[in-house]
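Here is how the chains run, residue by residue.
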Amino acid sequence: MGTAKSKDGTAIAYDRAGNGPPLVLVDGALNSRAFGLNGPLAEILAGQFTVFTYDRRGRGDSGDTQPYAVQREIEDLEAVIDTAAGPAFVYGISSGAGLALEAACALPAKVARLALYEAPFVVDDSRPPVPADSIRHINGLLAGGRRAAAVKYFLREDAQVPAVFVALMPMMPAWGKLKAAAHTLPYDLAIMNGGQQGQPLPPGRWDSLTSPTLVIAGGKSPAWLRNGQQALAGALPGASHLTLDGQTHIVKPKSLAPVLSGFFAGAWDGETTSTSDIR
């Protein structure tokens, strides 16, 4: 483990593996470098890249200097890229994709290529919008010491996990890890703020993006996620869009890794529609 220092002095813990061009992986909600999909993905990609996984602010071994601001998370990612002697390739999943996108717009000289997997934008009526007061509601639950209730609320209202599965989750081994990161849920909601109310993405919001970008959806993901990725790709300058056949929001690293390797290596670019286009 290494530690990078963010601009506000916060220590950001990271792991480094492999050899090759630097690649930073950004987790989504409730995940960390020790718990989530990016750890197994890093193991595969380490054969071609120097892969950095890190604990986002407030998680694992990283600090959590207050008050929170999305800009501070951008600076955290910048600190990891600087440790990697960037520019670096950047991949983000779920709300981590939202963070990676904001960072690429803010740090154009430091993000060489950008890959985004299912940033949870809600752009139509294919699902209910995320309640506009979600941050306030979750902060209220956390202030009352109700971490489990905060996680359940997020899973129901944001992630759209069916109620029966949410009810069963406290019996699962990972439940303790989810509760441990509950205080960071408002951070993820802040990153996605304004993009989950069932409205079209605002034109021009990301016009400063210069990094070649790939937006990926899972072929078996719900329609709202697939629609959001198509809309996002259309809103980003020159972005490519790809549907990863047979995958859901819980994407299998073995299926995703070859796509990321090809994109970051520059083996293919341009408009693509499914994984069959790049085989």
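Before any of the text, the structure's been laid out above.
Residues numbered from 1 in each chain as written. Predicted model: local features only at pLDDT ≥ 70, side-chain atom pairs only at ≥ 80, totals over all residues. Heavy atoms only, no water.

**Q** Can you help me understand the overall build of the protein in this one?
**A** From N to C terminus, the protein includes 10 helices and eight strands. Taking 279 residues into account, the globule formula puts the C-alpha radius of gyration at 19 Å, and the protein, at 17 Å, falls close to it. Dimensions of the protein, computed from the C-alpha atoms along their principal axes, are close to 50 × 40 × 35 Å. A burial count over the protein gives 52% of its 279 residues as buried. Sequence-distant contacts in the protein: of pairs separated by 6 or more residues, those separated by 24 or more amount to 77%. Looking at the protein as shown, the accessible area adds up to about 11400 Å², and 55% of this sits on carbon and sulfur atoms. Charge separation in the protein, taken as the distance between the mean sites of 24 positive and 25 negative side-chain charges, equals 6 Å. (Helix = DSSP H or I, 4+ residues; strand = E, 2+ residues; numbered from the N terminus. Rg over C-alpha atoms; globule rule 2.2 N^0.38 Å. Buried < 20%, exposed > 50% of the residue type's maximum accessible area, 1.4 Å probe, protein only. Contact = heavy atoms within 4.5 Å. Areas by Shrake-Rupley, 256 points an atom, 1.4 Å probe, with all protein chains shown as cover. Lys, Arg positive; Asp, Glu negative; His and termini not counted. Charge placed at Lys NZ, Arg CZ, Asp CG, Glu CD.)

**Q** Please explain unusual backbone geometry as it appears in this structure.
**A** Both trends apply: most residues other than glycine have a negative phi, and most peptide bonds are in trans. Here the amide bond leading from Q66 into P67 is cis, since omega sits at 0 degrees, within 30 degrees of zero. Mapped onto the secondary structure, P67 falls in the loop between β4 (50-54) and α2 (70-83). Even without being a glycine, L30 presents a positive backbone phi close to 70 degrees. For L30, the position within the fold is in the loop between β3 (22-26) and α1 (38-45). What makes L30 buried here is its relative accessible area of 5%. For Q160, which is not glycine, the phi torsion reads 60 degrees and is therefore positive. For Q160, the position within the fold is in the loop between α5 (147-157) and α6 (163-168).

**Q** What should I look at first to understand a nonpolar patch on the surface in this one?
**A** On the surface, V164, F165, L168, M171 and M172 cluster together into a nonpolar patch covering about 510 Å² of accessible area. With respect to the secondary-structure elements, L168 resides in helix α6. (Patch = residues over 30% accessible without salt bridge, like charges linked within 9 Å, V, L, I, M, F, W, Y side chains within 5 Å. Salt bridge = Lys/Arg side-chain N within 4 Å of Asp/Glu carboxyl O.)

**Q** Would you mind going over α5 with me for this structure?
**A** Note: α-helices contain 3.6 residues per turn, so residues at a spacing of three or four share the same orientation. Among the residues of α5, A150, V151, Y153, F154 and L155 are the ones counted as buried. In the core, the buried residues of α5 are packed alongside α4 (134-143), α6, α7 (175-180) and α8 (185-192).

**Q** I would appreciate a short explanation of the packing of aromatic side chains in the present structure.
**A** The geometry of an aromatic ring pair comes down to the distance between the two centres and the angle between the two planes. Under the defined criterion, the tally for this structure stands at seven aromatic pairs. Relative to F264, the ring of F49 has its centre 6.2 Å away and its plane inclined at 80 degrees; by these criteria the two rings are edge-to-face. Here the residue F49 occupies a position in the loop between α1 and β4, and F264 occupies one in helix α10 (residues 253-264), the gap between them amounting to 215 residues. The residues F49 and F264 share a single accessibility class, namely buried. A centroid spacing of 5.0 Å and a plane angle of 20 degrees characterise the contact between F89 and F264, whose relative ring orientation is stacked. Residue F89 is located in strand β5 (residues 88-93), and its partner F264 is located in helix α10; the two are separated by 175 residues in the primary sequence. For F89, a relative accessible area of 12% gives the class buried. Here the aromatic cluster, defined as three or more aromatic residues joined through ring pairs, consists of F49, F89, F263 and F264. Sitting above the plane of the F263 ring, R113 keeps its charged end 4.9 Å from the centroid. (Phe/Tyr/Trp six-rings, centres within 6.5 Å; stacked < 30°, edge-to-face > 60°. Lys NZ or Arg CZ within 6 Å of the ring centre and 35° of its normal.)

**Q** Can you walk me through the pattern of salt bridges in this structure?
**A** Should their charged atoms come close, side chains of opposite charge can pair. This structure, assessed with the given rule, holds 14 salt bridges. A salt bridge links R56 to D188; the nearest nitrogen and oxygen atoms lie 3.0 Å apart. On the criterion of sequence distance, the pair formed by R56 in the loop between β4 and α2 and D188 in helix α8 is long-range, its members being 132 residues apart. In this pair, the class of R56 matches that of D188, namely buried.

**Q** So what exactly am I meant to see when it comes to the pairing of strand β6 (residues 111-117) here?
**A** Of all seven residues making up β6, six are buried, and the element is well covered by its neighbours. Where β6 lies against strand β7 (residues 213-218), four bridges are found, and the strand directions are parallel. Residue pairing for β7: L114 is matched across the bridge by T213. (Pairing = 2+ DSSP bridges.)

Any functional reading would require information that these geometric values do not contain.
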